Structures are given as structure tokens and as C-alpha cells.
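Coordinates in review
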Amino acid sequence: VLSTIADQKTDEDVPVRVTFNIGDDQPGVNMQVTAEQGSDTIDSGRDPDRLIKEPIEITGTGAARTMTLVSNLDQNSANWGNKDATITVRVEDPDGVVQTTSFKVKVNAINDPPRFTEIDDQTTPAATPVGPLGYQVYDPEGEDVSVGATSSNTRLVPNSNIGLEGADDDLD
């Protein structure tokens, strides 16, 4: 016996824990429980190639089981053509009797903050400029990004001595 599992919703990068029950008319038998994502949200040409991270973790003993689902970083249903992931749970007893159930997981988009490559700490003699320092800035959703820079110690490095140049995703 495998309980039905309701469709699920979560925000991208946020785990969702799904509880379900399994059973067998022969109490105490060892049941093999697996879960996998349907091919509707698997694409070997993409990186990452799945909406939901795999392998899907299933924990618990006896009848009560819990699986944890989480989207791959910055992935959501909208990234996948508004498709929800179909997850199929499979339970097999030692006699080879199999039961499955499937449910959908909708992953909501969230507005991720822009990201940029790290700039190492810099050391220079007094009155000697440092730079240019290369770094890249991008937004996971592809939005335009504004870049600014300020000094945490304006007596040492005045804001007027900081200059930014560059275009697109590459600022030097």
C-alpha cells in the first residue's frame, strides 16, 4: 500500500518535505522505496539538467516515510517552460509486487540578488593606485544590474578615487 501524495509547491532553492506512508499485507517485510523525476523536467542539454536535484532523499522506517525535494540552484518552473516536475514514488516488496504514485512539484521563481566574482584584498604603497581590478557581475534572472562602489574608510580611500568602467556583464 502506498498513500497518495498531493501536488506540492515551493520557492526555488527551498526544500519541501513530503510525508507519505507505505505498507504491506505482510507486516515486517523490507520494502524498497525510490523516487525519481519524470522526463518532462530533465534535459541533458541544460546545466543543470534537472529541475529537482537528484537523487531524491527518502528517510524513515516502517510505514512513515519522508522525502526531501529541492530545486537545482536558481531553477524554477518558469525556467522550464512553466512545467512542474513530476515525481514518481515506487514501492516494491520482496515478492516483486510494485506500487507507484506520482505527483507534481511547482517551483516558484524568486528574485535572486545579483552576483559578482570576488575581488581579493589589495595592498599598495601610499599614493600608488591599484587597478584595474577585473570582476564580473550578473543577475540570475537576466535583469539589468547597476554597479556602484564606496570606500569603508574614506580617509584612506576617498570615494572620489574609486572608478568603475565596463559594459554588459564584464566590468574592469
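This text gives an overview of the structure that appears in the document. (Residues numbered from 1 in each chain as written. Predicted model: local features only at pLDDT ≥ 70, side-chain atom pairs only at ≥ 80, totals over all residues. Heavy atoms only, no water.)

Let's talk about the sheet that holds strand E4 (residues 57–59)
Read from one edge to the other, the open sheet built from 3 strands follows the order E2-E5-E4, with strand pairing classed as antiparallel. The two strands at the open ends of the sheet, each matched to only one other strand, are strand E2 (16–21) and E4. Averaged over all pairs of adjacent strands, the angle between their axes in this sheet comes to 25°, without regard to strand direction. In terms of strand pairing, E4 meets strand E5 (residues 64–69) through 3 bridges, oriented antiparallel. Looking across to E5, one finds that threonine 59 is bridged to threonine 66. (Pairing = 2+ DSSP bridges. Helix = DSSP H or I, 4+ residues; strand = E, 2+ residues; numbered from the N terminus. Axes fitted to C-alpha atoms, helices over the stretch in contact; angles between N-to-C directions.)

Examining the packing of aromatic side chains
Applying the stated criterion to the full structure yields 0 aromatic pairs. Between the NZ or CZ atom of arginine 46 and the centre of the ring of tryptophan 80, over which it lies, the distance is 3.8 Å. (Phe/Tyr/Trp six-rings, centres within 6.5 Å; stacked < 30°, edge-to-face > 60°. Lys NZ or Arg CZ within 6 Å of the ring centre and 35° of its normal.)

Describing the pattern of salt bridges
All chains considered together, the criterion is met by 5 salt bridges. Lysine 104 is the salt-bridge partner of aspartate 40, the closest N and O atoms lying 4.0 Å from each other. With aspartate 40 in the loop between strand E3 (32–37) and E4 and lysine 104 in strand E7 (residues 98–108), this residue pair connects regions lying 64 residues apart in the sequence. The class for aspartate 40 is partly exposed, based on a relative accessible area of 27%. Close ionic contact of arginine 50 with aspartate 49 constitutes a salt bridge, the shortest N to O distance being 3.6 Å. Using a relative accessible area of 30% as the deciding quantity, one classes aspartate 49 as partly exposed. (Salt bridge = Lys/Arg side-chain N within 4 Å of Asp/Glu carboxyl O. Buried < 20%, exposed > 50% of the residue type's maximum accessible area, 1.4 Å probe, protein only.)

Overview of the pairing of E2
By the alternation rule, side chains of E2 split into Val16, Val18 and Phe20, which are all buried, and Arg17, Thr19 and Asn21, of which none is buried. Alignment of E2 against E5, held across 6 bridges, turns out to be antiparallel. Note that in E5 the partner of phenylalanine 20 across the bridge is arginine 65.

Structural notes on the environment of glycine 81
By the secondary structure assignment, glycine 81 is in the loop between E5 and strand E6 (85–92). Remark: the alpha-carbon pair of glycine 81 and methionine 31, spanning 50 residues in sequence, is separated by 36 Å.

Some points on the pairing of strand E1 (residues 8–11)
Burial along E1 is one-sided: the residues Gln8 and Thr10 are buried and none of Lys9 and Asp11 is. Looking at chain direction, E1 and E7 are connected through 4 bridges and run parallel. Paired with lysine 9 across the two strands is lysine 106, which belongs to E7.

Some details on the environment of glutamate 54
Inspection of the secondary structure puts glutamate 54 in the loop between E3 and E4. Expressed as a C-alpha distance, the spacing of glutamate 54 and leucine 69, which sit 15 residues apart in the sequence, is 8.5 Å. Excluding its chain neighbours within four sequence positions, the residues that come into contact with glutamate 54 are Glu36 and Gln37. A distance of 2.8 Å separates the side chain of glutamate 54 from the backbone nitrogen of glutamine 37, its partner in a polar contact. (Contact = heavy atoms within 4.5 Å. Polar contact = N/O pair within 3.5 Å; in protein donor to acceptor, adjacent residues only side chain to side chain.)

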